[in-house]
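Listed below are the residues making up each chain.
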Amino acid sequence: SDFILKLAQLREHWQGAVQRADQRCSLVEGLVRRWHLYGRSLRKLQKFLSETQNLIPVSGLAHCSLQQLRQSLQDLQHTELLFQRYQSTFIQTLEVGRQLFSMGDQDTQTQLQLDLGTLQEEWENLHSMLAKRMDLTEAIIKNWDHCVAGIADSMLHLKQMKTRLNQSMPECDADLQCASRNDEENEDSLEDWAESLTELSNMKTDLSQYII
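Residues numbered from 1 in each chain as written. Predicted model: local features only at pLDDT ≥ 70, side-chain atom pairs only at ≥ 80, totals over all residues. Heavy atoms only, no water.

Draft legend 1. Quick peek at the overall build of the protein. Per the secondary structure count, the protein includes four helices and zero strands. Taken from N to C terminus, the helices and strands of the protein fall in the order α-α-α-α. In the protein, which comprises 212 residues, the proportion classed as buried is 23%. Considering only contacts in the protein between residues 6 or more positions apart, those separated by 24 or more positions represent 89%. Carbon together with sulfur atoms contributes 53% to the accessible area of the protein, which is approximately 15400 Å² in total. (Helix = DSSP H or I, 4+ residues; strand = E, 2+ residues; numbered from the N terminus. Buried < 20%, exposed > 50% of the residue type's maximum accessible area, 1.4 Å probe, protein only. Contact = heavy atoms within 4.5 Å. Areas by Shrake-Rupley, 256 points an atom, 1.4 Å probe, with all protein chains shown as cover.)

Draft legend 2. Quick peek at the packing of aromatic side chains. Overall, the coordinates contain six aromatic pairs when judged by the stated rule. Where F48 meets F83, the ring centres are 4.9 Å apart and the plane angle is 70°; that geometry is what we call edge-to-face. Of this pair, F48 sits in helix α1 (residues 2-55) while F83 sits in helix α2 (residues 66-103), and the two are 35 residues apart along the sequence. Comparing F48 with F83 shows no difference in burial state: the two are buried. (Phe/Tyr/Trp six-rings, centres within 6.5 Å; stacked < 30°, edge-to-face > 60°.)

Draft legend 3. Looking closely at α1. Taking 1.5 Å as the rise per residue, α1 with 54 residues should run 80 Å; its terminal C-alpha atoms sit 79 Å apart, in good agreement. Listing the buried residues of α1 in full gives G16, G30, Y38, G39, S41, L42, L45, F48, L49 and T52. Residues of α1 that are buried in the fold lie against α2 and α3 (106-165). (Expected span 1.5 Å × (residues − 1).)

Now the structure itself:
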């Protein structure tokens, strides 16, 4: 009876040890998967942020042609789309990193804190800079289009005034009065044209900072 009892206890201890070993094995495997997921996601995000940094220089917009500026806007819009796609990976990486931080030793925690802090800071700074650069680029292109439309409109008004001024001098009294009214309209038109020209000149000065 004592032998059977000891044998049963031994079997119970054995099964408990096997169960604990299985649990520890599952825990270690899960931890390894988290580290692999964290490392792979961190490298992917770091590569993306590095490429974004090259696309958005800190020095600001350089002089470029209008075609290059429109292409730059498309690149910025594409990068914004990538930010949206990487958003879930970014959040997941921070969450997994925090989980690993709670289970790591002091050296591991220090490294994780550095990596996660750098990642979050670069992500937020570059995303903010991207939004500002997109707004600026869109505003420049909008001003350019407005300037081109303004020039065309001013040329049309100028041609119309030139046509009226080239008309022959009136002879009768009624024609003189009509011509006088036309001259007043021409003067008003010239004043409006001068104001438009001043506005276009200011727009040109602003655009010259960015467009060759």
